[in-house]
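# Observations on chain architecture
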Amino acid sequence: MDQLPSTLCCPKCNTQLVPRSHNELHGVCSGTCTTCGHRIRFRAVVNEMERELQPNPVCSVTLLVNGRQYRVPDVDLEVTLNDWLKEQPNLKGTKHMCQEGGCGACIVALTRYDIRQKKEVTKAINSCLFPLVAADGCSVTTTEGIGSSRSGFHQIQERLAEHNGSQCGFCSPGMVMNMYSLLKANSKPTKKQIEESFDGNICRCTGYRAILDAMKSFAVDENPIDIEDTPLRQCNGDCRMCSHSSCCQEGVALNGMKADAPTIVRCLGGSSGMTRFKPSSVEDALALLDKYKDTGVHIVSGDTGKGVFKYEKPAAVVVDITGISDLTAVSSDGKVLTVGSAVSLSVLIAELEKYQQQDMPQGSRLTKLALHLKKIANVAVRNVGTWAGNLMLTHIHANFPSDVFTIMQAAGAQLNIANSSGSKRFSLPDFLHVDMTGQIIVSIVIPFDEPNEHFLTFKVMPRHSNAHAYVNAGFRLVTTTSSSKTVGKTVAIVYGGIGPFAIKATKTEQYLVGKYLSSHDTLKGALSVLSSELHPDSPPAAASAAYRKSLALSLFYKFYLSVLGSTASQRLWSAPSSLYRVVSSGAQQYSSDPSKYPLTQPMPKIAAKLQASGEAVYVNDMPIFPNEVHGAFITSTQANAKLVSMDTSAALSMPGVLCCIGAGDIPAGGVNNWRCLKYETGQLPEPLFATDFVGYAGQSLGMVIADTQAHADAAARAVTATYSPQGKPIVSIQDAIAANSFYPDTVKPLISGEGDPNDALKASKHVVSGEISSGYQYHFHMETQRCLTVPTDCGLDVYSSTQWMDYCQESVAQVLAVKKSSVNVTVKRIGGGFGGKIENSHLIAAGTSLAAYKLNRPVRVVANLDTNTQVVGVRPAFLARYQVGCDDSGKLNAIVMTVYCDVGITNDGYTGNIFLSRIDNAYYSPHWKVTIHPCKTHTPTSTFCRSPGSAPAIFAMESIMEHVAKSLGKSAEDVRIINLYQEGQVTPYKQPLTYCNISSLWSQLVKSCDYHVRREAVEAFNKANRWKKKGLSVVPLKFGIGWSGAPFSCIVSVFAGDGSVMVTTGGIEMGQGLVTKVVQVASSTLHVDIDLINTRPSNVLTAPNNSTTGGSVGSELCCAAVLSACRQLLEQMEPGRQQLPADATWQQVVVKCFGMGIDLQAKSWVDRSCTNVFNYNSYGVTCTEVILDVLTGEHQIIRTDMLYDCGESINPEVDVGQAEGAFVFGLGYWLSEHFIRDASTGQLLTKNTWEYKPPSAHDIPMDFRVSLLKNAPNPLGILRSKGGRDKRMNGLMDRDRGTDGQTRQTDGLMD
């Protein structure tokens, strides 16, 4: 701008500064702040008219982190707070996964001065979206800052751990800091407020119940704490006792804007070439917009939009408006509410809710707006994101479904927009056509209710929180009376999600004016007119146009009935209301034997508190090695194509980029194949980097190596490739069937029974035929695929986030043509796996190791979410066509089934066999014939995913049971119970059931959950309600546990002197409690206290040739290995013990043995086989009740009861958590997680948190009850226990079938 004020602002105390003399000032100068003594550097600029001061662009940022002051020089304005935190020693606790604000792993507490409230406030923020430069002058608190193992854990960390709310632990720091921030803002929250605040934190392990229970323990009616009185460090507030002299400054902002702050423009320049201004007045902001209008200016406040549009090129000039007090103002004259554009969504919600608290009748519209605004994004995004930013996103991006726009237009709100010439008021539709160059939204004006007004908004989305809408809508109708009848006077009907922008149904609005609303003809006519003016578009990743149109009509119908109220038919009264979610609750029941402790002892995971405090180390938390660089994979954008050329020139010219690596860099003798063929019989090779043919979109083409992960990722996106398509990609089972694209049938058909199953089918009294399909599922492990490879004088040290060390070692060795013994693989823990890191992690490890080998320097790769979802495989889709023979009662006689499985670009060889071994679930049929055809598609090779093969198999079987029941006019439960396996029967894969208690479990659960009483209540509800339906379903489970081909080893070492014990196994800890159970077994067997036992990371030196940790057998077999080693160790120590009194302590025995030269270490190798397919079976039964909105498809899970036989559990608390987590994992598979690929390119369109929606904390059963079968030791298991807790996701099947087949029918709205 042409003129700037002749003032400076002290960056430390924010005092307005004026030089005592201008006479000698020119160029770069320095001075001292007279208030705080801080030295300041500035540039004095001589104007032709007069001498003025213009601040020199500041290139550094100063902030407090956990009470310690940091000054970051030469800051890159594109670096996020999370990027910077991860680079700091001892600040590794804050995680990241999506980098979109969609998972919550990165949440920290931010304290800064609020110029509207004139005080410091603390809020949860997504550090992955928050620019480091925006934290200038602020205080940041991470989980390390509130507690640790050395200084003492914070109560939040402790309670999360003690409630078993931390499994893999990767999400735990974000959970902790989200709760901490809430308590800083509200020290006495209600349970409902606490649950609502966890709308943006994803956990893939626990099922959320344990986490919510832990956090709700801080509720005002439970056991609240005063967060201000909770000591943060060991000094307990007395800094004389602590070396951290500034630790008690936590939560205090450095230089927040004071109430009497001067009008000054703060200018921040950075190494990226961008410039960021922070004006403190609207006039200064407009002057900046004018000055740089030709350069490109981006106005920001929360800057959360990059979570959706994260690859947009940043503007050269950024104007931060958070320091403009006029834009944070909120005022009301009793007729309208005026809200400034820098007001965050959270503050706007709070302001709107005041009218509900004040019980003001005219606030009805405002409180409904607040309710809808809570459905936008999540708390951490709403804390900094503004309503104006939401509107600007839809102004810039026509495809952005702005909820703010839809509901505010329906409410009749208007915008005040200013430029250097003045201010004008615009309607929201007119705003879309305003050229915003040089202009800024100043405020929104929201009118209060009119008399006789009806106002309602809707948002229908894939899950209950943190998701954009399929369709959103706002309706406003003002009525009047004519001839004693209600007629429409003023009407507003606005929809989002129908077209590129929100639309107004003007013809329907006009139609309703003057019409008698109680007339059926009026409703019928309105629906007809509305149908004629709704023309949904068809974006590739959106729900179908037909569904969205039907949904839009249904929402209008719901609103119309709400206007009619009690004058409508009583049977329709349930239509207008949305499904209401109560505060969730849970109950857990199990048996435990104190005489056997620590075995059977319910206890949290050993590392749970370390995970909550951020001290638990994952791959990317490891210290940065000298000379370390970062890598990112270059991925293809076209499937089924020849790779013609690849241009890396743009990438190589980008900042920080060192080189690109491809197949040509594989050393002589190495192979361009990351799959280990010795492990995968029939598996085709899969190239590390595609060189000629590109099989699928997302396939790796090479790598970019750069100085930071952000630079590597950006450069990888800059690489372009030219393709020669080889035809339309085959991206689904249906495509494959149509194209006859199959691999040879490597899986033998499952055939059982006397004679030909087809003959038995024909002889059956009833034959039911049908088709059922299940889709794909991405693992969504919170820790994406990562690897760090460090060259050493012995070879390569590989730190991989993998479930299978031996495979990783083999893969790296074969690519590099080195001895397997020169590749040392180490895994301490991984942040979730679910099968996704059994095979696919080795592509990442092989690429990382190739780069490290070539450059001879450490290389770290952290796959971003886009890469993680595209490069690696997922759960495969299945399609089953079946014929079922049965008698009048529904008893099965024969099942003939043809199954198609999408195995991807190579045949995995596993999934089909697993499917066949699970297809019977818990049901006996004398005749079976199941044939599987592996479909070859242009997608990544499918892989294991939680309950692989079994989840789709059991779904197919349960669908058959439902179909049979419906065909015979019977309840599904009646058909299920008569077909349950009985002890002594033989499965189709010829395994006799020597022990089978499924019928007993069924009876117990049906009784304990009051099934029959609830069934009658459900039927009564459904009869009384046309548009809300309830369903109640009971589903059994039989799941086989097989140990064959799964060897594990361990080493147990005892240390002379103190007698402490160290254990290491070949099993990988990924949240399932493997390490905890191992420690319990060691403690019990050696008869030593748990506190004496420590564990060490798994590695190939101590556990060579071990199996993958998966298939629900890892914990069990590692416990078996430890049990064997401990018994061996006791045998070795027996001579020493014999020479001591019977009451000798463990330490005395150890010292004696050491003195006798006895080896105090034992190694065990467990490789158990079985003559049958499985060693034993686990059984379970689940009953689930749901409520469905027939008009929209929305649902709530009212209650789930689960009874599970896991033998004599080694740790019931861990096993309950596994069962809950598996169940909720299944919720995502069946209800909210969908894969969509572009039909022409094969690109995955649901590759991020914007489109892919695993369940949130608001999707779990409102009443979640889990029981482990009591007094049921398993004589065939390890220490009488059973594996398979992971399989309870299969207990979800068909839980909403009880809605009597109701579907949404818009042509029946008048019924």
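One can find the structure itself at the top, above this paragraph.
For the structure given in this document, a descriptive report is provided here. (Residues numbered from 1 in each chain as written. Predicted model: local features only at pLDDT ≥ 70, side-chain atom pairs only at ≥ 80, totals over all residues. Heavy atoms only, no water.)

## Some remarks on the overall build of the protein
- A tally of helices and strands in the protein yields 32 helices and 48 strands.
- Every one of the 1311 residues in the protein was classed for burial, and the buried ones make up 61%.
- Counted over contacts in the protein with a minimum sequence separation of 6, partners at least 24 positions apart contribute 76%.
- By element, 50% of the accessible surface of the protein is carried by carbon and sulfur atoms, the whole surface being about 47800 Å². (Helix = DSSP H or I, 4+ residues; strand = E, 2+ residues; numbered from the N terminus. Buried < 20%, exposed > 50% of the residue type's maximum accessible area, 1.4 Å probe, protein only. Contact = heavy atoms within 4.5 Å. Areas by Shrake-Rupley, 256 points an atom, 1.4 Å probe, with all protein chains shown as cover.)

## Examining the sheet that holds strand S20 (residues 453-460)
- One open sheet accounts for four strands, arranged S20-S21-S22-S23; its pairing is antiparallel. Across the chains shown, the open sheet's two edge strands, defined by having one partner strand only, are S20 and strand S23 (503-504).
- Both strand S22 (residues 485-496) and S23 contribute to a ladder of two bridges, which runs antiparallel. By the bridge assignment, Val494 is partnered in S23 with Lys504.
- Each of S20, strand S21 (471-482) and S22 touches helix H15 (residues 545-564); the most contacted strand, S20, lies at about 150° to it. (Pairing = 2+ DSSP bridges. Axes fitted to C-alpha atoms, helices over the stretch in contact; angles between N-to-C directions.)

## Here we look at helix H25 (residues 950-968)
- Taking 1.5 Å of rise per residue, 19 residues should cover 27 Å, and H25 covers 27 Å from first to last C-alpha, within 8% of that figure.
- Most of H25 is tucked away: 15 of the 19 residues are buried.
- Positive phi appears at Gly969, one or two residues downstream of H25, with a value of about 70°. (Expected span 1.5 Å × (residues − 1).)

## Some points on unusual backbone geometry
- Between Tyr597 and the following residue, Pro598, the backbone shows a cis peptide bond with an omega angle of 10°.
- Structurally, Pro598 is set in the loop between strand S24 (585-589) and helix H16 (608-613).
- One non-glycine residue, Asp303, lies in the positive phi region at around 60°.
- In this structure, Asp303 sits in the loop between strand S13 (297-300) and strand S14 (317-320).
- Even without being a glycine, Asn640 presents a positive backbone phi close to 50°.

## Concerning the nonpolar core
- In terms of nonpolar packing, the biggest core is built from 119 residues, with Met179, Met215, Met782 and Val1052 touching the most fellow members.
- Discounting chain neighbours no more than four positions away, the residues touching Met179 are Ile156, Ile194, Phe198, Met215 and Phe218.
- Val768, Cys901, Phe955 and Trp1002 belong to the second largest nonpolar core, which has 59 residues in total. (Core = buried A, V, L, I, M, F, W, Y, C linked by side-chain atoms within 4.5 Å.)

## Comments concerning the pattern of salt bridges
- Counted by the stated rule, this structure contains 51 salt bridges.
- The residue Glu222 makes a salt bridge to Lys191 at a minimum N-O spacing of 2.9 Å. Residue Glu222 is found in the loop between helix H5 (209-216) and strand S11 (266-269), and its partner Lys191 is found in helix H4 (residues 191-197); the two are separated by 31 residues along the sequence.
- Residues participating in the shared-partner salt-bridge network are Lys192, Glu196, Glu353 and Lys374. (Salt bridge = Lys/Arg side-chain N within 4 Å of Asp/Glu carboxyl O.)

## Comments concerning the sheet that holds strand S9 (residues 119-126)
- Pairing is mixed across the open sheet formed by five strands, whose spatial order is S7-S6-S10-S8-S9. The open sheet has two edge strands with one neighbour each: strand S7 (68-72) and S9. Strand-to-strand twist of the sheet, defined as the mean angle between neighbouring strand axes without regard to direction, takes the value 30°.
- Where strand S8 (residues 107-114) lies against S9, eight bridges are found, and the strand directions are antiparallel. Each bridged residue has a counterpart across the sheet, and for Ala109 the counterpart in S9 is Ala124.

## Some words on helix H26 (residues 972-979)
- Restricting attention to buried positions, one finds in H26 the residues Ala972, Glu973, Val975, Arg976 and Asn979. Taken down its axis, H26 places every buried residue within 160° of arc, on the same side.
- Its buried side turned inward, H26 meets strand S38 (892-904), H25, helix H27 (998-1008), helix H28 (1011-1024) and strand S40 (1028-1041). (Arc of directions from axis to C-beta.)

## Some remarks on the environment of Ala651
- Its location among the elements puts Ala651 in helix H17 (residues 649-652).
- Relative accessible area serves as the criterion here: at 0%, Ala651 is assigned to the buried category.
- Between the alpha carbons of Ala651 and Arg717 there is a distance of 8.0 Å; along the sequence they are 66 residues apart.
- With residues near it in sequence (within four places) discarded, Ala651 still touches Val657, Ala715, Ala718 and Val719.

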